[in-house]
Amino acid sequence: MERILNVLRTYHPLVWVLVGGTAFARTASFMSLPFLALYLSRTTGLDPFVTGTIVGAGALASTFGGFIGGNLSDRFGRKRVMLSTLFVWAVVFWGFAMAEEAALFLILNLLNGLCRSFFEPTGQALLADVTPPDKRMRVFGFRYMAINVGAAVGPLIGAYLGMVSGKITFWITGGAYLLYAVALLIMMNRFAPAAPAAPPERTRFTAALRVIRKDAALGWFILGGILGQVGYAQIESTLPLHLKTLFGENNALYPALLTMNAVTVILLQVFVTRWSERRSLIGNLGLGCLLFGLGLSCFAIGEHWIVMALGMFILTIGEILTFPTSSLFIDRLAPESLRGTYFGANNFRNVGFFIGPALGGWLLGSHGGKAAFGLIALLTVCGILFYWMGYRVWLQRKNAPGKESVSNTSLSAAKAVR
């Protein structure tokens, strides 16, 4: 017990509020949002194309709204942006429960995407604000594990509640976000972090493009991230269609692979993160890209469930390495006064989530699963080149030695000049 208390005392109290709140809120959102398409179909009778357009609108808003939320948090403080976003988010989910018209569902899902794009970069920036540089890799790992706890538990609860009423899941999700907002308000009033200095940029979309243009390291990193997201997007788009072709319409392999993905993250996140802390940023990102490519290659050649499971396991280890390291790299790039802006600009990597499903679907339909996953695996591995270009620019700017370990990076790295 004493050991656990010592671990808890090692980190700022707001770290545990954000990590615990992430697990709680993501469990609630995974109860409802994965079933939004089915809920729309039952509620409105829309055709699949319109339903897909409404569901995809949230991701579109999230991709292009991140900079605004991050920049607002730099200008007016993390507290105002995070709390106001959570309260609005609760109302959005309650709106889903009451909506009946397609246009209203579209507006609500756009707001849902904007809320996510405002809250996520600001939350990551706050974690970095209250955590010493040598512990940030582990903290970002805690956050990512919390997300996967929600991904593992939420859909199971949502599937059960959905048999009773689709509306109830949205009512519960809204209530969960309201509780999260209240808890965060109390803790932020008690453990208020220092507000960052105001940045010179104004809050507008074109400023995000200027940030990328001025910071070549960020631009290269985003390009590498886009390729990584193209590969990762196949899990929810091309993979189920490929498995349907191989194993039939009603095979249980796909949900089993999704569960395996979430459980693997939960079980191995801490161990992989501790191991990765002794490695360089580019070493973690490069190995993560290679594992992504190897996992996708298993999907290409696999004709037995064991090969598919092996591919998902390998890809998941790459995921554990890549996603927290990506957050840490953005933290290292960003000046303290623009940390939220940088995390927001990083949302442009999500363009890969738009390219990936379309590219994978086209390749699957025209060339088959082997070619689709093989070519996308190769494309994903090419992300290493862009990551290396960004890393090299960052090192040149810092005049640092080539072998930079996560564990020994100094605070001055977070204050790099663009």
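What you see is a predicted model; the values in this text were computed from it and never measured.

(A) Main features of the packing of aromatic side chains. One pass over the full model with this rule turns up 23 aromatic pairs. Ring centres 6.3 Å apart and planes at 90° place the aromatic pair Phe292 and Phe323 in the edge-to-face group. In this pair, Phe292 sits in helix H13 (residues 281-301) while Phe323 sits in helix H14 (residues 305-333), placing the two residues 31 residues apart along the sequence. Exposure class is identical for Phe292 and Phe323. Each is buried. For the pair Phe329 and Trp394, a centre-to-centre distance of 5.7 Å together with 85° between the ring planes defines the contact as edge-to-face. One end of the pair, Phe329, is in helix H14; the other, Trp394, is in helix H18 (residues 383-398), with 65 residues separating them in the sequence. The exposure classification of Phe329 matches that of Trp394, with both residues buried. Connected via pairs of aromatic rings, a cluster forms that spans Trp89, Phe93, Phe96, Phe105, Phe119, Phe170, Tyr177 and Tyr180.

(B) Quick peek at the nonpolar core. Counting 65 residues, the largest nonpolar core has Leu86, Phe96, Leu184, Leu333 and Trp394 as the members making the most contacts within it. Among the elements that take part in this core, helix H5 (residues 78-98) stands out by supplying 9 residues, more than any other. Apart from residues lying up to four places away in sequence, Leu184 is in contact with Val17, Leu18, Met82, Leu83, Leu86 and Phe119.

(C) Broad picture of a nonpolar patch on the surface. A cluster of nonpolar side chains, namely Leu60, Phe64, Phe354 and Ile355, defines an oily patch on the protein surface of about 320 Å² accessible area. Counting residues per element, the ones that place at least two in the nonpolar patch are helix H4 (48-76) and helix H16 (351-367). Note on placement: Leu60 falls in helix H4. Overall, the relative accessible area of 42% leaves Leu60 in the partly exposed class.

(D) The arrangement of helix H12 (residues 253-276) in detail. Along H12, the largest kink reaches about 55° and is centred on Leu268. Those residues of H12 not exposed but buried are Leu253, Tyr254, Leu257, Asn261, Ala262, Thr264, Val265, Gln269, Val272, Thr273 and Ser276.

(E) How the structure looks around the packing of H13 against helix H17 (residues 369-381). Where H13 meets H17, the closest approach of the two axes is 8 Å, and the angle between their N-to-C directions is 175°. Judged by the angle between their axes, H13 and H17 are roughly antiparallel. Only Gly369, Lys370, Phe373, Gly374, Ile376, Ala377, Thr380 and Val381 of H17 make contact with H13, whose side of the interface consists of Cys289, Leu290, Phe292, Gly293, Leu296, Ser297, Phe299, Ala300 and Ile301. Of the residues that constitute the contact of H13 with H17, the class distribution is 11 nonpolar, 5 polar and 1 charged.

Criteria and thresholds
Residues numbered from 1 in each chain as written. Predicted model: local features only at pLDDT ≥ 70, side-chain atom pairs only at ≥ 80, totals over all residues. Heavy atoms only, no water. Phe/Tyr/Trp six-rings, centres within 6.5 Å; stacked < 30°, edge-to-face > 60°. Helix = DSSP H or I, 4+ residues; strand = E, 2+ residues; numbered from the N terminus. Buried < 20%, exposed > 50% of the residue type's maximum accessible area, 1.4 Å probe, protein only. Core = buried A, V, L, I, M, F, W, Y, C linked by side-chain atoms within 4.5 Å. Contact = heavy atoms within 4.5 Å. Patch = residues over 30% accessible without salt bridge, like charges linked within 9 Å, V, L, I, M, F, W, Y side chains within 5 Å. Areas by Shrake-Rupley, 256 points an atom, 1.4 Å probe, with all protein chains shown as cover. Salt bridge = Lys/Arg side-chain N within 4 Å of Asp/Glu carboxyl O. Bend = angle between axes of the 7 residues up to and from the residue. Axes fitted to C-alpha atoms, helices over the stretch in contact; angles between N-to-C directions. Parallel < 35°, antiparallel > 145°, perpendicular 65-115°, else oblique. Nonpolar A, V, L, I, M, F, W, Y, C, P; charged D, E, K, R; others polar.

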